[in-house]
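Report on the structure
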Amino acid sequence: TTQNGPHVSCDLVRVSDALATLEEMAVGKGDLVPGTPFDLVFVDADKTRLVEYADACLSSDLLLKRGGLIVVDNVLWKGLVLEASGSNNQQQQQQSDVRSVSSSEDEATEDSITAEAAELKKNRRARKLANKMHHFNSAIAKDSRAEVLMLPIRDGLSIIRKK
C-alpha cells in the first residue's frame, strides 16, 4: 500500500485462506496489516464461514473502521433462504411425499416422482447452504456491533454497518 497525496493505491494478490488472512489483519499480525482501516469489505466467500468473516471485521478497528461497511453477497441464496427460515416440516413433507408412491399409479406418475426425487437430491447442497445463509442472516441481525440492511435484489445483498 502506498499513499500519493489524497489517493491510496493498493496492489494485493494473495492465494491463501481468506479468513485466516482477515483474522491476522484484524490483530495486526502478518505482512498485510493496512496502514489505515478499510472503509468497505466485500465478502463473496465460503458461505459456511460467513459469521466468522463478519466477526473478524467487526471485532477490530484495525481491519474495518467504525462506520465502515461489510457487503455480503448471496444472502438469499437462490430464494432458498426464505424456505430455510420457515419450518423444516415442509421439506420433510416433500421428501415423504416422494417416497410414498403407491404401486398402483401409472408409469408416467412414477417417472415424475422419480425426477422430483432426483431434483431434491441434487438440491440438497443448495438447501444446506441456504440453511447456513439463514444462520448468518439471523446471527448478524442480532449482533449488537452492527446495523444490517438486506436488499432483496438477485440473490440478495446485505450491507452491514459497523457501529
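Please refer to the structure higher up on the page.
Read on for an overview of the structure.

1. Description of the overall build of the protein chain
- On a plain count of helices and strands, the protein chain comes out with 6 helices and 6 strands.
- Counting over 163 residues, the protein chain shows a buried share of 30%.
- Summarising the internal contacts of the protein chain: among those between residues at least 6 apart in sequence, 67% fall at separations of at least 24.

2. A few points about the nonpolar core
- By size, the foremost hydrophobic cluster in this structure holds 31 residues, and its most contacted members are Ile 70, Val 72, Trp 77 and Phe 136.
- With sequence-adjacent residues up to four places away left out, Phe 136 is seen in contact with Leu 50, Val 51, Ala 54, Val 72, Val 75 and Ile 160.

3. With respect to the sheet that holds strand β6 (residues 157–162)
- Spatially, the 4 strands line up as an open sheet ordered β3-β4-β6-β5, and their pairing is mixed. Because the sheet does not close on itself, it has two edges, and the strands there are β3 (38–43) and β5 (146–151). Averaged over all adjacent pairs, the angle separating strand axes in this sheet is 15 degrees, with direction ignored.
- In this sheet, strand β4 (residues 64–73) lies alongside β3 in parallel orientation, the contact comprising 5 bridges. Counterpart to Val 43 in the pairing with β4 is Val 72.
- Contacting β3, β4, β5 and β6, helix α2 (residues 50–58) crosses the sheet at an angle of about 165 degrees to β4.
- Each of β4, β5 and β6 touches helix α6 (residues 124–142); the most contacted strand, β5, lies at about 135 degrees to it.

4. Side note on the pairing of β5
- Relative to β6, β5 runs antiparallel, the two sharing 6 bridges. Bridge pairing in β6 places Leu 151 opposite Leu 157.
- Hairpin connection of β5 to β6: 5 residues between the antiparallel strands, including Arg 154 at a positive phi of 50 degrees.

5. As for the side chain of Ser 60
- Locating Ser 60 in the fold gives a position in the loop between α2 and β4.
- Looking at Ser 60, the relative accessible area reads 8%, which means it is buried.
- Side-chain polar atoms of Ser 60 contact the backbone nitrogen of Leu 62, separated by 2.9 Å.

6. With respect to the packing of α2 against α6
- Where α2 meets α6, the axes come as close as 9 Å, and the angle between the chain directions of the two elements is 30 degrees. Considering the angle they form, α2 stands roughly parallel to α6. Between α2 and α6, the contacting residues are Leu 50, Val 51, Ala 54 and Leu 58 on the first element and Met 133, His 135, Phe 136, Ala 139 and Ile 140 on the second.

7. Re unusual backbone geometry
- Positive phi values are uncommon outside glycine, yet Asn 74 reaches one of about 65 degrees.
- Residue placement: Asn 74 occurs in the loop between β4 and α3 (80–85).
- Despite not being glycine, Arg 154 has its phi angle at roughly 50 degrees, a positive value.
- Here Arg 154 is to be found in the loop between β5 and β6.

The rules behind the values
- Residues numbered from 1 in each chain as written.
- Predicted model: local features only at pLDDT ≥ 70, side-chain atom pairs only at ≥ 80, totals over all residues.
- Heavy atoms only, no water.
- Helix = DSSP H or I, 4+ residues; strand = E, 2+ residues; numbered from the N terminus.
- Buried < 20%, exposed > 50% of the residue type's maximum accessible area, 1.4 Å probe, protein only.
- Contact = heavy atoms within 4.5 Å.
- Core = buried A, V, L, I, M, F, W, Y, C linked by side-chain atoms within 4.5 Å.
- Pairing = 2+ DSSP bridges.
- Axes fitted to C-alpha atoms, helices over the stretch in contact; angles between N-to-C directions.
- Polar contact = N/O pair within 3.5 Å; in protein donor to acceptor, adjacent residues only side chain to side chain.
- Parallel < 35°, antiparallel > 145°, perpendicular 65-115°, else oblique.

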